[in-house]
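# Tertiary structure, described
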Amino acid sequence: YDPVPHPSRWIMAVPVSILALLAFVGGWIQVPDGWALVDDWLTPVLVEPEKTEASIAATVLSSVASLTLVVIAIGVAYWLFAKGPARRRQYADRLPRTREVLQEGYYFDPVYTSVFVEGGHKVADVLTKDVERYGIRGSMLAAGRAALDAGRGLRAAQTGLVRTYVFTMIAGLAIVGVIFVLAT
């Protein structure tokens, strides 16, 4: 597999162009020591702690360092891909492990699959087999059994005799009265 750089078709060029334009606009919305449209827009809803401002020297230094690295990276890419395609193949043959890492996207997909996809399947299995079976279903069955047992106990107390009901009512009032007396 030896991909050769080539101009992209419109199906890729249009979205990348839109993203590049949005990145450019997004970068210029917040200009250090210039205008701050996002800060001004969010100020009414954000409570900021004590704000630490970067000095002008730090801002200029970081901007110059970033631009220098960008220019160097563009130069290296031009030197490798546009100016000397044979040079690119030479380096690919000399650094096969680096080429493999880059082709595999820093092995992000296998890590993502093992952590999130397989991990999600394992969590789902535990939730389905253990939590749902014993926790949810078991608690519902226990609540149903408790209601049935309570009904059986109350059925024994329901004799149909008025004197039993009056006695139960007076006993309940006496218990509530004792509780109130002890509570005060």
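Preceding this paragraph is the structure being described.
Within each chain, residues carry numbers counting from 1 in the order of the written sequence. Per-residue local features of the predicted model are confined to residues with pLDDT of at least 70, and side-chain atom pairs are confined, for both listing and counting, to 80 or more; whole-chain, interface and lining totals are unaffected and use all residues. Heavy atoms from the whole structure form the basis of all side-chain values; hydrogens and water molecules are not counted.

### What about helix H6 (residues 108–157)?
In this model, H6 (50 residues) spans 68 Å end to end at C-alpha, consistent with the 74 Å of a helix rising 1.5 Å per residue. Helix geometry: H6 is bent most strongly at Glu-132, by close to 50°. Here a helix means four or more residues in a row that DSSP labels H or I, a strand means two or more in a row labelled E, and each is numbered from the N terminus. By this rule, a helix spans an expected 1.5 Å times one less than how many residues it contains. To get the bend at a given residue, fit one axis to the seven residues ending there, fit another to the seven starting there, and take the angle between those axes.

### Some remarks on the packing of aromatic side chains
We call Phe, Tyr and Trp rings a pair once their centres come within 6.5 Å, taking the six-membered ring for Trp, and we label the pair stacked below 30 degrees between planes, edge-to-face above 60, and tilted otherwise. Under the criterion given, the structure shown has two aromatic pairs. Measuring from centroid to centroid gives 5.0 Å for Tyr-112 and Phe-116, while their planes differ by 40°, and the two rings are tilted. Of this pair, Tyr-112 and Phe-116 both sit in helix H6, separated by four residues, roughly a single helical turn. Throughout this description, buried means an accessible area under 20% of the type-specific maximum (1.4 Å probe, protein chains only), exposed means over 50%, and partly exposed covers the range between. A residue is classified by how much of its surface remains accessible, and Tyr-112, at 40% relative accessible area, is partly exposed.

### Overview of the packing of helix H3 (residues 56–83) against helix H4 (residues 85–94)
Each pair of packed helices can be summarised by the angle the axes make with each other and by the distance between the axes. Where H3 meets H4, the closest approach of the two axes is 5 Å, and the angle between their N-to-C directions is 105°. The angle between H3 and H4 falls in the class roughly perpendicular. Listed contacts from H4 to Trp-79, Leu-80, Phe-81, Ala-82 and Lys-83 of H3 are Pro-85, Arg-87, Arg-88 and Tyr-91. Classes in brief: Ala, Val, Leu, Ile, Met, Phe, Trp, Tyr, Cys and Pro nonpolar; Asp, Glu, Lys and Arg charged; the others, Gly included, polar. In the contact of H3 with H4, the residues fall into six nonpolar, no polar and three charged. Axis definition: a line fit to C-alpha positions, over the contact stretch in the case of helices; interaxial angles, taken between N-to-C directions, run 0 to 180 degrees. Note on angle classes: values under 35 degrees are labelled roughly parallel, values over 145 roughly antiparallel, values of 65 to 115 roughly perpendicular, and the remainder oblique. In what follows, residue pairs with any heavy atoms lying within 4.5 Å of each other are defined as contacts.

### A look at the pattern of salt bridges
Definition used for salt bridges: Asp or Glu carboxyl oxygen within 4 Å of a side-chain nitrogen of Lys or Arg. Under the definition given, this model contains two salt bridges. Glu-100 serves as the salt-bridge partner of Arg-97, at 3.3 Å between the closest nitrogen and oxygen. One end of the pair is Arg-97 and the other is Glu-100, both in helix H5 (residues 96–103) and three residues apart, which spans about a single turn.

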